[in-house]
Amino acid sequence: MEKLSIVKIGGNIIEDSTALKAFLKLFSNLEGKKILVHGGGKRATHIASKLGIESKMVNGRRITDAETLEVITMVYGGLVNKNIVAQLQALNVDAIGLTGADANSITSDKRPVKEVDFGFVGDVKRVAYKSVNKLIEADFTPVFCAITHDGHGQLLNTNADTITSQIAVGMSNLYETSIYYCFELNGVLEDINDKNSVIKHIDTKRYGELLEQGIIADGMLPKLENCFDALNNGVKSINMGNTSMLTQENDSFTTITL
């Protein structure tokens, strides 16, 4: 099977124009077929504040009421997405910016109300991987923002990490897929206070040991659960680290396999 790389970047890179420019250069040099997924929560919070709209968070997750959804649609789908697409075009990458509503590519269910009503937040239900592949086969590079839809005309704010893993699962029907989660740390760390204590490889056995030792905890727990869910559903490998893992020179990042 041909290889496909799916790269996700978070808000800290998006907020720093120098870091974003450097990342997009690395992404443009990445060989083979590829997809980019981005968030933009920090920018959305900043713009909402300027508009006098308070951002409400519960356990690090945004409550998306109707007003907030308007801001997110403008910021993720417009400002951030089109800025990234324009910069990629300048690097000779023929990028096409998308939400999950475009080409009906990602449908979600509105998250049911349990202890918290998250509002217009989506849980991914289906990725139309054949539609996404039509774009790839036409030599476009899809750039997805963190918005999906419910199939009935409603846009939904959706976690970008989840979008990344679900796109990868869908595309694994057609390609050997690898995910690259780019974030601030150099990888999964053995000691949170030592940025160089990167665990270079985690498989199912090692994952169990790290859980027992309490090394994987807090915010890293859902990330790793998400990773193993994707691996169990067809994804070949998942890489976590800073943006330099997209280069040949850097081998200090975490690779996760079954």
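Basis of the calculations
Residues numbered from 1 in each chain as written. Predicted model: local features only at pLDDT ≥ 70, side-chain atom pairs only at ≥ 80, totals over all residues. Heavy atoms only, no water. UniProt positions renumbered as here; feature names shortened; annotations may be inferred. Helix = DSSP H or I, 4+ residues; strand = E, 2+ residues; numbered from the N terminus. Contact = heavy atoms within 4.5 Å. Buried < 20%, exposed > 50% of the residue type's maximum accessible area, 1.4 Å probe, protein only. Pairing = 2+ DSSP bridges. Axes fitted to C-alpha atoms, helices over the stretch in contact; angles between N-to-C directions. Parallel < 35°, antiparallel > 145°, perpendicular 65-115°, else oblique. Left-handed = near helix turned anticlockwise from the far one by under 90°. Nonpolar A, V, L, I, M, F, W, Y, C, P; charged D, E, K, R; others polar. 1 Å grid on protein atoms, 1.4 Å probe; cavity = no way out; pocket = protein on both sides within 12 Å on 5 of 7 lines; lining within 4 Å. Points joined across faces, edges and corners; volume = space filled by probe spheres on them.

Per an unreviewed UniProt entry, the protein carries the name Acetylglutamate kinase and comes from Snuella sedimenti. Recorded under Subcellular location (unreviewed entry), the UniProt text for the protein is reproduced unchanged: "Cytoplasm". UniProt annotates the protein under Catalytic activity (unreviewed entry) with the comment "N-acetyl-L-glutamate + ATP = N-acetyl-L-glutamyl 5-phosphate + ADP".

Q: Explain the side chain of Thr107 here, please?
A: Topologically, Thr107 is positioned in strand S6 (residues 106-110). Once residues lying within four places of it in the same chain are set aside, the contact partners of Thr107 are Val124, Lys125, Arg126, His149 and Gly151.

Q: Where do I start with the pairing of strand S1 (residues 3-9) in this structure?
A: The side chains of a regular strand alternate between both faces of the sheet. Most of S1 is tucked away: six of the seven residues are buried. The pairing of S1 with strand S11 (residues 176-182) spans seven bridges and is classified as parallel. From the neighbouring strand, Ile6 faces S11, where its bridge partner is Ile179.

Q: Can you walk me through the sheet that holds S1 in this structure?
A: Strand pairing in a sheet takes place through backbone hydrogen bonds and is either antiparallel or parallel in direction. Spatially, S5-S8-S2-S1-S11-S13-S14-S12 is the arrangement adopted by the eight strands of the open sheet, whose pairing is mixed. Of all the strands in the sheet, just strand S5 (95-98) and strand S12 (201-202) have a single pairing partner and so form its edges. Its contacts with the sheet put helix H5 (residues 129-137) on S1, strand S2 (33-38), S5 and strand S8 (141-144), and the angle it makes with S8 is roughly 130 degrees. Those strands touched by helix H8 (residues 220-231) are S11, S12, strand S13 (237-241) and strand S14 (254-256), and its axis lies near 155 degrees from that of S13.

Q: Any chance you could explain the packing of helix H3 (residues 41-50) against helix H4 (residues 66-90) here in plain terms?
A: To describe two helices that pack against each other, one gives the angle between their axes and the distance between the axes. Contact geometry for H3 and H4: axes closest at 9 Å, N-to-C directions at 125 degrees. Comparing their axes, H4 and H3 come out oblique. The interaxial crossing formed by H3 with H4 has right-handed handedness. Facing H3, whose interface residues are Gly41, Arg43, Ala44, Ile47 and Ala48, H4 presents Val71, Ile72, Val75, Tyr76, Leu79 and Val80. Among the residues forming the contact of H3 with H4, the class breakdown is nine nonpolar, one polar and one charged.

Q: Please explain the layout of surface pockets as it appears in this structure.
A: Here the idea is plain: a probe the size of a water molecule rolls over the atoms and shows the empty space left. By volume, the largest pocket is sized at about 1,000 Å³. In terms of lining, the largest pocket is formed by 35 residues, of which the most central are Lys8, Gly60, Asn159, Ala160 and Asp161. Elements represented by at least two residues in the lining of the largest pocket include exactly S1, helix H1 (11-15), H3, strand S4 (61-62), helix H6 (160-171), S11 and H8. Residue composition of the lining of the largest pocket, grouped by class: 13 nonpolar, 14 polar and eight charged. Estimated volume of the second largest pocket: approximately 520 Å³. Looking at the second largest pocket, it is lined by 21 residues, and the ones nearest its centre are Ser5, Leu30, Tyr180, Leu246 and Gln248. Looking at the lining of the second largest pocket, the elements that each hand over two or more residues are S1, helix H2 (17-29), S11 and S13. Across the lining of the second largest pocket, the residue classes break down as seven nonpolar, nine polar and five charged.

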